[in-house]
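The lines below spell out each chain.
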Number of protein chains: 2
Amino acid sequence: MKRFLTYATGTALFAALPSFAQEVKTYPAPGEIVAAAKVEEWRAIAPSDLLVMDLAPDAAGKPRRVVIQLMPAPFSQGWIGNIRKLATAHWWDGTAIVRVQDNYVTQWGDPTEKKPLPEGLVVVPESEYLTAFKSGSIVRRWEEGMIKPAVTEVPRFGGNIYPQGPRILDAFAQSYSFTNGIPLAVSTHRVTTDKAITVAPDKIWPTHCYGMVGVGRNLSPDTGTGAELYTVIGHAPRHLDRNIALVGRIIEGMEHMSSLPRGTGALGFYEKDEERVPILSVRLGHEAQDVAAFEYLSTESKSFAAYADARANRRDPFFISPAGGADICNIPVPVRRKPSK
Amino acid sequence: MKRFLTYATGTALFAALPSFAQEVKTYPAPGEIVAAAKVEEWRAIAPSDLLVMDLAPDAAGKPRRVVIQLMPAPFSQGWIGNIRKLATAHWWDGTAIVRVQDNYVTQWGDPTEKKPLPEGLVVVPESEYLTAFKSGSIVRRWEEGMIKPAVTEVPRFGGNIYPQGPRILDAFAQSYSFTNGIPLAVSTHRVTTDKAITVAPDKIWPTHCYGMVGVGRNLSPDTGTGAELYTVIGHAPRHLDRNIALVGRIIEGMEHMSSLPRGTGALGFYEKDEERVPILSVRLGHEAQDVAAFEYLSTESKSFAAYADARANRRDPFFISPAGGADICNIPVPVRRKPSK
């Protein structure tokens, strides 16, 4: 069992783990908090919001299915409308994975670049990369601050690095939050009244975390149609935020995208036809065969807040120094297949 | 060429790229800055600071070599001393890659857990996860602030999100810096004098970025010997900082670690012997065959400062909104094979 303990509490996000050290006060690992979440804290993902991509089987003949959750309104709806049309037209059937660049992206689309697009696709303006702040739910979360530093805990050495407790810190924006299962960067502006100067959310946009799906484009003002897509397979390339549209994230089968051989051409493009994994079909969830039921942990739930806090302040037995913070991509929104009972 | 332009300036870190839009003012991409760095800004990596791991060839019979740069003093030297002994004893020959967990780590060592370790390995205390701040070079960098926001630029929309210019922001520590090619998190304390209250560096520690190599361990107070190692193959798991020793980073052959099939056991461990990629040999660079000469861009050089600034403020033609910041793992230290001429 020795090796299995190594990192045990650092990882398994979605599995309940046993408590190792019952003689000392223990804190639940993030995965334990998720496993203990109430049934009503989970939100069903509508099959019509899934994009189901079946790749050619692997060398051993094993099927490879990748399931993408498309983002809800108000984010990127122009591109997502195009993607729905492309899927309904079976446009991706017979296309392929064209590029795998290490620590960056896996990209798919039409290798010939000559396949005619279906009619009725819209051209989405660059302004749609950002969304003006509106939702009450987001402001509540943002004001409450989901993540609190472990100020009551003294790490075994090294001191608490957040005595004054920055709670939600982002190197690429002024803050971050979550809404309806989506990780969001938040820009702010100052509001001055007679009584106080406060900071209020201004613009919000989804973030390039691991497994997020975005829309390939050419130089500005092109914004891409949605026919060429990519997913992040390395450290979050957050510099792409507000520069490319994000349309969803991979919720199952990510390993089929991340473990592909890296392309040897410029930017990781494959150079030979036979290197490209063929795409057999891409369908919306309600038009695909044998699609599992998925649900995500509501980002507005108490369990999600506790989970985010635990991700930022690891105090489960493996850890000796909780960080006192986390970047947004270190708090992946939990997703699971709906339990069958 | 259409597809090749997509992301062109978002990626190729180490290649010179042509300027696309000569009619408008252009800014160099990070890779162009690196390509233009002066010969004297590059630092040779001593062969004795390399760990060269030869895996069994891939299914097509192609050799797979992974080259690790061991960290310089004062970081993790106890574990690195153990690793030198293990390599000199040829201890890893015949071991294997035992675990590949998606968006987390690839780990290698002895699958039987019964192979006797060489004599003379030291037990390193947990206090060695951190280093007290000393170096003048680091404080200079830290005080100057390597990264400046693009305040003189107005993005085409969305406004500049850093009008007051936070320069070096880290969600997991109070600041970050680089020294001798190593990415470092920095904690700080306040210094009060008659004239001012300033903030000074306190402790420093290396960070869990993509490709960094760390030492597997069991529950505290175990700190690991160095016989079981892992590398980061996904988004930086910075919560492991100050909780596990980091000893180096992969500078060539990373794709052989990141593109392996994910393990299907708990935490990504392989379940069957035949799934494990055998390790043929691990040698220190000066004891290995046919080792290339490597060099890294001095993190104290002007070109590195310009590169870091460009990573945080992408203004090359693909980008319409520079982020105004970057996390430390989005500024990978450039490494190259020493040019032959």
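Another point: the overall build of chain A. Along chain A, the regular secondary structure elements total six helices and 15 strands. Counting over 341 residues, chain A shows a buried share of 60%. Restricting the contact set of chain A to residue pairs at least 6 apart, pairs at least 24 apart contribute 70%.

Bringing the state of the cysteines into the picture now. All names here are of chain A. Evaluation of the coordinates by the stated rule reveals two disulfides over all chains. A sulfur-sulfur distance of 2.1 Å marks the disulfide that ties Cys209 to Cys329. Here the disulfide of Cys209 and Cys329 is left-handed, its torsion about the S-S bond being about -75°. Here Cys209 is found in the loop between β9 (197-206) and β10 (212-215), whereas its partner Cys329 is found in the loop between α6 (302-312) and β15 (335-337), with 120 residues between them in sequence. When its relative accessible area of 8% is taken as the criterion, Cys209 is described as buried.

Once that is clear, we can look at the pairing of strand β11 (residues 229-232) of chain A. Residues and elements named next belong to chain A. On β11, burial covers both faces: Leu229 and Thr231 on one face and Tyr230 and Val232 on the other are all buried. Strand direction decides the pairing type here: strand β5 (residues 105-109) and β11, joined by four bridges, are antiparallel. Paired with Thr106 across the strands is Thr231, a residue of β11. Relative to β11, β10 runs antiparallel, the two being bridged by three bridges. Bridge assignment links Val213 to a residue of β11, and that residue is Thr231.

So, on to helix α3 (residues 77-88) of chain A. All names here are of chain A. When the terminal C-alpha atoms of α3 are compared, their 16 Å separation across 12 residues agrees well with the 16 Å that a helix rising 1.5 Å per residue should span. Taken together, the buried positions of α3 are Trp79, Ile80, Asn82, Ile83, Leu86 and Ala87. Down the axis of α3, the smallest arc covering the buried residues is 155°, so these residues share one side. Turning to α3, the residues buried within the fold contact β2 (50-55), β3 (64-70), β10, β11, β12 (246-252) and β13 (279-284). Directly after α3, the chain includes His90, whose backbone phi takes a positive value near 55°.

All names here are of chain B. Read across the open sheet, the three strands follow the order β1-β14-β15; overall the sheet is antiparallel. Every other strand in the sheet has two partners, leaving β1 (42-44) and β15 (335-337) as the edge strands with one partner each. Here the strands of the sheet are splayed against their neighbours by 35° on average, with no regard to which way each runs. With three bridges joining them, strand β14 (residues 294-297) and β15 adopt antiparallel strand pairing. The residue of β15 that forms the bridge with Tyr296 is Val335.

All names here are of chain A. With respect to topology, eight strands assemble into an open sheet ordered β4-β5-β11-β10-β12-β3-β2-β13, the strand pairing being antiparallel. At either margin of the open sheet sits one strand with a lone partner, and together these are β4 (96-101) and β13. Direction aside, neighbouring strands of the sheet carry axes that sit 25° apart on average. Here four bridges tie β3 to β12, and the two strands are oriented antiparallel to one another. Considered in β12, the bridge of Ile68 is made with Ile250. Of the strands in this sheet, β2, β3, β10, β11, β12 and β13 touch α3, which is tilted by about 120° from β13.

Right, let's get into the packing of aromatic side chains. One pair of aromatic rings is described through two measures. These are the centre distance and the angle between the planes. If you walk through the whole model with that rule in mind, you get 12 aromatic pairs over all chains. Taken together, a centroid distance of 5.6 Å and an interplanar angle of 50° make the contact between Phe304(B) and Tyr307(B) tilted. One end of the pair, Phe304(B), and the other, Tyr307(B), are both in helix α6 (residues 302-312), three residues apart, so they sit about a helical turn from each other. Here Phe304(B) falls in the buried class, since its relative accessible area comes to 0%. A connected cluster of aromatic rings, assembled from ring pairs, spans Tyr176(A), Phe178(A), Phe304(A) and Tyr307(A). When the ring centre of Phe318(B) is taken as reference, the NZ or CZ atom of Arg217(A) above it lies at 3.8 Å. Seen from the ring of Tyr27(A), Arg315(A) lies directly overhead, with NZ or CZ sitting 4.5 Å from the centre.

What follows deals with the pattern of salt bridges. Residues and elements named next belong to chain A. Scanning all chains against the criterion turns up 20 salt bridges over all chains. With its nearest N and O atoms 2.8 Å apart, the salt bridge here joins Asp54 to Arg65. Here the residue Asp54 occupies a position in strand β2, and Arg65 occupies one in strand β3, the gap between them amounting to 11 residues.

This brings us to the confidence of the model for chain A. On average, chain A scores 84 in pLDDT, and the residues at 70 or more come to 80%. For residues 1-23 of chain A, every residue scores under 50 in pLDDT, and the model assigns this stretch 70 contacts once sequence neighbours within four places are set aside.

On to empty space enclosed by the protein. All chains considered together, the criterion is met by seven cavities of 30 Å³ or more. Size it by volume and the largest cavity reaches roughly 120 Å³. Taken together, 17 residues make up the lining of the largest cavity; nearest its centre are Ala171(A), Phe172(A), Asp327(A), Phe172(B) and Asp327(B). Among the residues making up the lining of the largest cavity, the classes are represented as nine nonpolar, two polar and six charged. Size it by volume and the second largest cavity reaches roughly 70 Å³. Lining of the second largest cavity is provided by Phe75(B), Ser76(B), Glu128(B), Tyr129(B), Thr131(B), Trp205(B), Pro206(B), Arg242(B), Ile244(B), Ala245(B) and Leu246(B). Per-class residue counts for the lining of the second largest cavity are seven nonpolar, two polar and two charged.

Next up on the list: the environment of Phe318(B). Residues and elements named next belong to chain B. In this fold, Phe318 is placed in the loop between α6 and β15. You can call Phe318 buried: its relative accessible area is 1%. Along the backbone, Phe318 and Ala29 are 289 residues apart, and their C-alpha atoms lie at a distance of 9.6 Å.

For the rest of this paragraph, the subject is the pairing of strand β2 (residues 50-55) of chain B. Residue and element names in this part refer to chain B. Counting buried residues along β2, six of its six residues qualify, which places the element largely inside the surrounding structure. Inspection of the sheet shows β2 paired to strand β13 (residues 279-284) by five bridges, in the antiparallel sense. Its bridge partner lying in β13, Asp54 is registered against Ser281.

As a further point, take the environment of Ala293(A). Residue and element names in this part refer to chain A. With respect to the helices and strands, the residue Ala293 is situated in the loop between β13 and β14 (294-297). Here the alpha-carbon distance between Ala293 and Thr225, two residues 68 residues apart in the chain, equals 28 Å. Those residues in contact with Ala293, other than ones at most four positions away along the chain, are Arg336, Arg337 and Lys338.

As a further point, take unusual backbone geometry. Residue Pro74(A) follows Ala73(A) across a cis peptide bond; omega there is 10°. Within the fold, Pro74(A) resides in the loop between β3 and α3. Here the phi dihedral of Asn180(A) falls at roughly 50°; this positive angle occurs in a residue that is not glycine. Here Asn180(A) shows up in the loop between β7 (175-179) and β8 (182-192). Given a relative accessible area of 37%, Asn180(A) falls into the partly exposed group. Positive phi is not limited to glycine here, since Asn103(B) has a value of about 60°. Its location among the elements puts Asn103(B) in the loop between β4 (96-101) and β5 (105-109). A residue is classified by how much of its surface remains accessible, and Asn103(B), at 24% relative accessible area, is partly exposed.

What counts, and where the lines are drawn
- Residues numbered from 1 in each chain as written.
- Chains lettered and ligands numbered in written order.
- Predicted model: local features only at pLDDT ≥ 70, side-chain atom pairs only at ≥ 80, totals over all residues.
- Heavy atoms only, no water.
- Helix = DSSP H or I, 4+ residues; strand = E, 2+ residues; numbered from the N terminus.
- Buried < 20%, exposed > 50% of the residue type's maximum accessible area, 1.4 Å probe, protein only.
- Contact = heavy atoms within 4.5 Å.
- Disulfide = S-S within 2.5 Å.
- Pairing = 2+ DSSP bridges.
- Expected span 1.5 Å × (residues − 1).
- Arc of directions from axis to C-beta.
- Axes fitted to C-alpha atoms, helices over the stretch in contact; angles between N-to-C directions.
- Phe/Tyr/Trp six-rings, centres within 6.5 Å; stacked < 30°, edge-to-face > 60°.
- Lys NZ or Arg CZ within 6 Å of the ring centre and 35° of its normal.
- Salt bridge = Lys/Arg side-chain N within 4 Å of Asp/Glu carboxyl O.
- pLDDT = per-residue confidence, 0-100.
- 1 Å grid on protein atoms, 1.4 Å probe; cavity = no way out; pocket = protein on both sides within 12 Å on 5 of 7 lines; lining within 4 Å.
- Points joined across faces, edges and corners; volume = space filled by probe spheres on them.
- Nonpolar A, V, L, I, M, F, W, Y, C, P; charged D, E, K, R; others polar.

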